[in-house]
Amino acid sequence: MLELSLHILDIVENSTRARAKTVLITIKEETEKDLLTLEISDDGSGMDETTLKRLTDPFFTTKSVRKIGLGLPLLAQAAETAGGTLAVISSPGEGTKVTALFKLSHIDRQPLGDMASTFIAMITGNPDKDFIYRHVHNANEYLLDTREIKEGIEDVEITNPDVLNFLRENIKRGIADIGAQA
């Protein structure tokens with residue numbers, strides 16, 4: 001994966017497969033600390049200690065479709081290559097929290113990528129789930145919560161093309177308004 005947004009999409013896919021109803025995606029750009037933080041937390045089924053210990057093993061997966069699991073190992077490698085780390089906290093029945101730290105200015109840090117398209121893909125593929133996208137750039141913050149959107153559009157489906165176009169533009173504008181550049 002060449003962009004961090006694709007790693008985020010992969011982790012969110014894991015969350016939805018673990019029966020999460022709500023997924024929170026937080027991106028923090030702290031220029032003074034030279035730190036980029038990606039955090040994805042969910043209320044899914046969680047993982048036991050044995051599974052947690054094997055998460056960064058590319059030859060381990062809980063999927064039955066294929067015998068390798070590259071999502072978290074690739075994210076761990078991307079973080080480490082950019083002077084950062086990956087941490088996963090999870091408990092059965094409690095959900096999971098994945099945190100990846102990157103040196104913001106590191107020459108090998110992957111670009112964030114197209115978060116608007118990533119978010120639209122998450123919604124389109126999982127219209128019954130709730131997603132919260134929080135992007136912080138220093139003291140500025142952008143927040144989008146699909147629960148509020150669904151409530152506001154009432155009987156219109158969140159996958160309606162007009163709603164998706166509105167969301168895409170809202171995300172792009174929101175990210176630009178806070179000065180985010182990750």
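Quick note: structure is the one above.
The structure contained in this document is the topic of the report that follows. (Residues numbered from 1 in each chain as written. Predicted model: local features only at pLDDT ≥ 70, side-chain atom pairs only at ≥ 80, totals over all residues. Heavy atoms only, no water.)

1. Overview of the overall build of the protein chain
So, step 1. Of regular secondary structure, the protein chain possesses six helices and six strands.
So, step 2. For the protein chain, the α and β elements follow one another from N to C terminus as α-β-β-α-α-β-β-α-β-β-α-α.
So, step 3. Taken over C-alpha atoms, the radius of gyration comes to 16 Å for the protein chain, in line with the 16 Å a tight globule of 182 residues would show.
So, step 4. Each of the three principal axes of the protein chain carries a C-alpha extent, and together these read 45 × 40 × 25 Å.
So, step 5. Taken over 182 residues, the protein chain has a buried fraction of 46%.
So, step 6. Counted over contacts in the protein chain with a minimum sequence separation of 6, partners at least 24 positions apart contribute 62%.
So, step 7. In the form shown here, the protein chain has an accessible surface area of approximately 9,700 Å², with 50% of it arising from carbon and sulfur atoms.
So, step 8. Side-chain charges in the protein chain split into 20 positive and 29 negative, and the spacing between the mean points of these groups amounts to 6 Å. (Helix = DSSP H or I, 4+ residues; strand = E, 2+ residues; numbered from the N terminus. Rg over C-alpha atoms; globule rule 2.2 N^0.38 Å. Buried < 20%, exposed > 50% of the residue type's maximum accessible area, 1.4 Å probe, protein only. Contact = heavy atoms within 4.5 Å. Areas by Shrake-Rupley, 256 points an atom, 1.4 Å probe, with all protein chains shown as cover. Lys, Arg positive; Asp, Glu negative; His and termini not counted. Charge placed at Lys NZ, Arg CZ, Asp CG, Glu CD.)

2. Details of the pattern of salt bridges
So, step 1. One pass over the structure, following the stated rule, counts six salt bridges.
So, step 2. Arginine 17 serves as the salt-bridge partner of glutamate 13, at 2.9 Å between the closest nitrogen and oxygen. Here the residue glutamate 13 and the residue arginine 17 both occupy positions in helix α1 (residues 4-17), the gap between them amounting to four residues, near one helical turn.
So, step 3. Since its relative accessible area comes to 40%, glutamate 13 is described here as partly exposed.
So, step 4. The class of arginine 17 is partly exposed, set by a relative accessible area of 40%.
So, step 5. With its nearest N and O atoms 2.7 Å apart, the salt bridge here joins aspartate 145 to arginine 147.
So, step 6. Since its relative accessible area comes to 9%, aspartate 145 is described here as buried. (Salt bridge = Lys/Arg side-chain N within 4 Å of Asp/Glu carboxyl O.)

3. A few points about the packing of aromatic side chains
So, step 1. Scanning the model with the defined rule gives three aromatic pairs in all.
So, step 2. Ring geometry for phenylalanine 119 against phenylalanine 131: centres 6.3 Å apart, planes inclined by 75°, an arrangement best described as edge-to-face. Placement of phenylalanine 119 in helix α4 (residues 115-125) and of phenylalanine 131 in strand β5 (residues 130-137) is noted, with a sequence separation of twelve residues between them. No difference in accessibility class separates phenylalanine 119 from phenylalanine 131, as the two residues are buried.
So, step 3. Consider the rings of phenylalanine 119 and tyrosine 133, whose centres lie 5.8 Å apart with planes at 35°: the pair is tilted. Taken together, the residues span a long stretch of sequence, with phenylalanine 119 in helix α4 and tyrosine 133 in strand β5 at a distance of 14 residues. As far as the burial class goes, phenylalanine 119 and tyrosine 133 line up, both buried.
So, step 4. Linked through ring pairs, Phe119, Phe131, Tyr133 and Tyr142 together constitute an aromatic cluster. (Phe/Tyr/Trp six-rings, centres within 6.5 Å; stacked < 30°, edge-to-face > 60°.)

4. Thoughts on the sheet that holds strand β1 (residues 22-30)
Note: strands within a sheet are paired through backbone hydrogen bonds, in either parallel or antiparallel orientation.
So, step 1. Taken in spatial order, the six strands make up an open sheet running β3-β4-β2-β1-β5-β6, and their pairing is mixed. Edge positions in the open sheet fall to β3 (85-91) and β6 (140-145), since each of these has one partner strand only. Each strand of the sheet is rotated relative to its neighbour by a mean of 10°, with strand direction disregarded.
So, step 2. With six bridges joining them, β5 and β6 adopt antiparallel strand pairing. Looking at the pairing, histidine 137 lines up with asparagine 140 of β6.
So, step 3. α1 rests against β1, β2 (35-42), β4 (95-103) and β5 of the sheet, and its axis sits at about 20° to β2.
So, step 4. Docked against the sheet, α4 engages β1, β5 and β6, running at close to 165° with respect to β5. (Pairing = 2+ DSSP bridges. Axes fitted to C-alpha atoms, helices over the stretch in contact; angles between N-to-C directions.)

Read these as geometric descriptors, not functional statements.
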